[in-house]
Amino acid sequence: MFTMRFDMRAPAHGAPPAALYGAALDMCEWGERNGCVAVQVSEHHASPDGYLPAPLALAAAIAGRTRRIPIQVAALLLPLHDPIGIAEQMAVIDLASGGRVSYIVAVGYRPEEYAVFGRDFTARGRRMDGCLEALRRAFTGEPFEFEGRRIQVLPRPATPGGPLLLLGGGSAAAVRRAARFGLGMVTQGGDASLGDLYRAECERNGTKPGLFIDPPPGTVTSAFVAEDPDAAWDRIGPYLLHDATMYAAWLGDRAAASGSRASTVHALRAEQGAYRIFTPDEAIAYVRSRGPLLTQPLCGGLPPELAWPHLELLATRVMPALRSPA
């Protein structure tokens, strides 16, 4: 069992964007045939390495190349967008994909992104509340008012009440918002108290607790499989390091299960943290003890010709073993 995540970073030392986007679609089609249980795409803006800025477009393209696999936009930075336009896109994607696309919505944490869209970073929480309420009403297909406009979003999505929404974040404010709107929650990890707060806030608001995902310490979020991890670290380590250092610069002091403070490939490997290269036997043991292997096949602009062998090992060495009794 494994998942695939694509954020489409394309630094100058990596593969060109056209090669990465084409490979991502090929990999999703391949993944559906070879045991991938879910695909994730992400959103960020104003990134010098071209981080994916249009996740709904890529999610729709993936849906067009696949038939069954669940697709998640994680995370959609909802306050940056007009929620009416987003609701229309979500409804169409829901209809065209057979309800396979879900969303983790978040406020984001980078002022640069709000500047790109001319939005007030300090007001992002209030705007998120307004956007969530607008989505909820839009998915009914009934007329309503939003920001002085009379709105009716049609067609209605195929999924009753609209596609699945979860709220992402690592703060108490995000947890309270999720409980207030009756949404499930995905945290960034690192604060075990948030689960108790979520359940208490749901009780206080009279909402039913939903799915609450809090990544535990030691969660591997960018996994690869190789027969020779030493050689693999030499070959693909610089791409993993690029990904790690970019996120570290953005996160600053914020805690995150996928965070790293490494400044060299050697240090990144020594952390034994979110970025790991397993042997097939190690990958099998990890999945049996921890659940699906979270992979990021094109991490840091990794050229597709270097990425494919790691995926093929999943199909030929790991998945057959997982289908057999331990």
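What comes next is a walk through the structure. (Residues numbered from 1 in each chain as written. Predicted model: local features only at pLDDT ≥ 70, side-chain atom pairs only at ≥ 80, totals over all residues. Heavy atoms only, no water.)

### Details of unusual backbone geometry
Right, on to step 1. The omega angle of the peptide bond from Ala-74 to Ala-75 is 5°, so this bond is cis rather than trans.
Right, on to step 2. In this fold, Ala-75 is placed in strand S3 (residues 71-77).
Right, on to step 3. The omega torsion of the bond from Leu-154 to Pro-155 falls at 5°, within 30 degrees of zero and hence cis.
Right, on to step 4. Mapped onto the elements, Pro-155 comes out in the loop between strand S6 (149-151) and strand S7 (165-168).
Right, on to step 5. One non-glycine residue, Met-8, adopts positive backbone phi at about 65°.
Right, on to step 6. Checked against the element boundaries, Met-8 lands in the loop between strand S1 (2-6) and helix H1 (17-33).
Right, on to step 7. Phi is positive for Glu-147, close to 50°, though the residue is something other than glycine. (Helix = DSSP H or I, 4+ residues; strand = E, 2+ residues; numbered from the N terminus.)

### Some points on the packing of aromatic side chains
Right, on to step 1. Scanning all chains against the criterion turns up 8 aromatic pairs.
Right, on to step 2. Residues Trp-30 and Trp-308 carry aromatic rings whose centres are separated by 5.9 Å and whose planes lie at 80° to one another, so their mutual orientation is edge-to-face. Separated by 278 residues along the polypeptide, Trp-30 in helix H1 and Trp-308 in helix H11 (residues 304-323) bring together distant segments of the chain.
Right, on to step 3. A relative accessible area of 24% places Trp-308 in the partly exposed class.
Right, on to step 4. Between Tyr-114 and Phe-121 the ring centres are 5.4 Å apart and the planes differ by 80°, which places this aromatic pair in the edge-to-face class.
Right, on to step 5. Linked through ring pairs, Phe-2, Trp-30 and Trp-308 together constitute an aromatic cluster.
Right, on to step 6. The ring of Tyr-247 carries the charged tip of Arg-9 above its face, separated from the ring centre by 4.6 Å.
Right, on to step 7. Stacked on the ring of Trp-250, the Lys or Arg Arg-110 has its end atom at 4.1 Å from the ring centre. (Phe/Tyr/Trp six-rings, centres within 6.5 Å; stacked < 30°, edge-to-face > 60°. Buried < 20%, exposed > 50% of the residue type's maximum accessible area, 1.4 Å probe, protein only. Lys NZ or Arg CZ within 6 Å of the ring centre and 35° of its normal.)

### Describing the pattern of salt bridges
Right, on to step 1. Inspection of every chain in the model, using the stated rule, returns 17 salt bridges.
Right, on to step 2. Across the pair Glu-201 and Arg-204 runs a salt bridge whose closest N-O atoms are separated by 3.0 Å. One end of the pair is Glu-201 and the other is Arg-204, both in helix H7 (residues 193-205) and 3 residues apart, which spans about a single turn.
Right, on to step 3. We classify Glu-201 as buried; its relative accessible area is 9%.
Right, on to step 4. Take Arg-204: its relative accessible area is 61%, and that puts it in the exposed class.
Right, on to step 5. The partner of Asp-230 in a salt bridge is Arg-269, and the shortest N-O contact between them spans 2.7 Å. (Salt bridge = Lys/Arg side-chain N within 4 Å of Asp/Glu carboxyl O.)

### What about empty space enclosed by the protein?
Right, on to step 1. For the structure on display, the rule yields 1 cavity of 30 Å³ or more.
Right, on to step 2. Quantified by volume, the largest cavity comes out at close to 40 Å³.
Right, on to step 3. Ala-223, Phe-224, Val-225, Thr-295, Pro-297, His-310, Leu-311 and Leu-314 together form the lining of the largest cavity. (1 Å grid on protein atoms, 1.4 Å probe; cavity = no way out; pocket = protein on both sides within 12 Å on 5 of 7 lines; lining within 4 Å. Points joined across faces, edges and corners; volume = space filled by probe spheres on them.)

### Description of H11
Right, on to step 1. Here H11 contains 20 residues, and its C-alpha end-to-end distance of 27 Å stays within 8% of the 28 Å for a straight helix at 1.5 Å per residue.
Right, on to step 2. Helix geometry: H11 is bent most strongly at Leu-314, by close to 35°.
Right, on to step 3. Those residues of H11 that fall on the buried side of the exposure criterion are Pro-304, Ala-307, His-310, Leu-311, Leu-313, Leu-314, Ala-315, Val-318 and Met-319. (Expected span 1.5 Å × (residues − 1). Bend = angle between axes of the 7 residues up to and from the residue.)

### Thoughts on the layout of surface pockets
Right, on to step 1. Reported here for the second largest pocket is a volume of approximately 220 Å³.
Right, on to step 2. If you go around the second largest pocket, you meet 14 residues; those closest to its centre are Arg-136, Gly-161, Pro-163, Leu-165 and Leu-183.
Right, on to step 3. Listed by contribution, the elements that provide at least two residues to the lining of the second largest pocket are helix H5 (124-138) and S7.
Right, on to step 4. Ranked by residue count, the leading element in the lining of the second largest pocket is H5, at 3 residues.

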